[in-house]
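# Architecture at a glance
What follows is each chain in one-letter form.
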Amino acid sequence: MLDEIYNRKILELAANIPRLGRLAAPQASASAHSRLCGSSVTVDVVVEDGRVADFAQEVKACALGQTSCSVMGREIIGAAPQEVRDAREALKKMLKENGPPPQGRFADAGVLAPAREYKARHASILLVFDAVAEALDKIEKNAETAEMRQ
């Protein structure tokens, strides 16, 4: 079963994580940490015209968490915040409820479906999606606050 989880595609994605580092001027940052396995992710996000315009991530995670970060780094630029949130929900359902994998630009996260049997790995897989959702929430809240001040 471990061969199925740590298949060639997962290992290739884990070894090639794009957009590593930090942004000089993010609109928001967020971190997520798994107490169970010790994985952590910090993300920086910029949204312009309703789409993610820039993104960077610091990743200290297992191969499955790295795979998730790789998919995020490859696909997030140009994504609408709701696309990211929808992918996060689909990924959660895939892992926890045997649902279908995410569709659209984040469909490659479906490669992580064999991990649904390993609940201890779910948190690491979801870390980057949780952190990005938190950063997007911060950006939207800041925009609403700015509008109210005008």
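Below: a short report on this structure. Model, not experiment: these values are computed from the prediction. (Residues numbered from 1 in each chain as written. Predicted model: local features only at pLDDT ≥ 70, side-chain atom pairs only at ≥ 80, totals over all residues. Heavy atoms only, no water.)

## Here we look at the pairing of strand S1 (residues 28–33)
The two faces of S1 differ: Ala 28, Ala 30 and Ala 32 on one face are buried, but Ser 29, Ser 31 and His 33 on the other face are not. From the end of S1 to the start of strand S2 (residues 40–48), which pair antiparallel, there are 6 residues, and Gly 38 there has a positive phi angle of about 85 degrees. (Buried < 20%, exposed > 50% of the residue type's maximum accessible area, 1.4 Å probe, protein only. Helix = DSSP H or I, 4+ residues; strand = E, 2+ residues; numbered from the N terminus. Pairing = 2+ DSSP bridges.)

## What about the pattern of salt bridges?
In the structure shown here, the tally under the stated rule is 13 salt bridges. Asp 108 serves as the salt-bridge partner of Arg 74, at 2.5 Å between the closest nitrogen and oxygen. Taken together, the residues Arg 74 in helix H3 (residues 63–75) and Asp 108 in the loop between helix H4 (81–97) and helix H5 (119–149) connect sequence positions 34 residues apart. Across the pair Glu 83 and Arg 105 runs a salt bridge, and its minimum N-O distance is 3.0 Å. One end of the pair, Glu 83, is in helix H4; the other, Arg 105, is in the loop between H4 and H5, and 22 residues separate them in sequence. Residue class for Glu 83 comes out partly exposed when judged on its relative accessible area of 29%. (Salt bridge = Lys/Arg side-chain N within 4 Å of Asp/Glu carboxyl O.)

## Concerning the nonpolar core
The biggest cluster of nonpolar side chains holds 40 residues, and the ones touching the most others in it are Val 43, Val 45, Phe 55, Met 72, Val 128 and Val 132. Mapped by element, the contributors of at least two residues to this core are helix H2 (8–15), S1, S2, strand S3 (51–60), H3, H4 and H5. Setting aside residues no more than four positions away along its own chain, Val 132 makes contact with Val 43, Phe 55, Met 72, Ile 76 and Val 84. (Core = buried A, V, L, I, M, F, W, Y, C linked by side-chain atoms within 4.5 Å. Contact = heavy atoms within 4.5 Å.)

## What to know about the sheet that holds S2
Ordered by their spatial adjacency, 3 strands build an open sheet running S1-S2-S3, and the pairing between neighbours is antiparallel. Looking along the sheet, the strands with just one partner apiece sit at the ends: S1 and S3. Across this sheet, the average inter-strand angle for adjacent strands is 20 degrees, counted without regard to direction. Where S2 meets S3, 9 bridges bridge the pair, whose relative direction is antiparallel. (Axes fitted to C-alpha atoms, helices over the stretch in contact; angles between N-to-C directions.)

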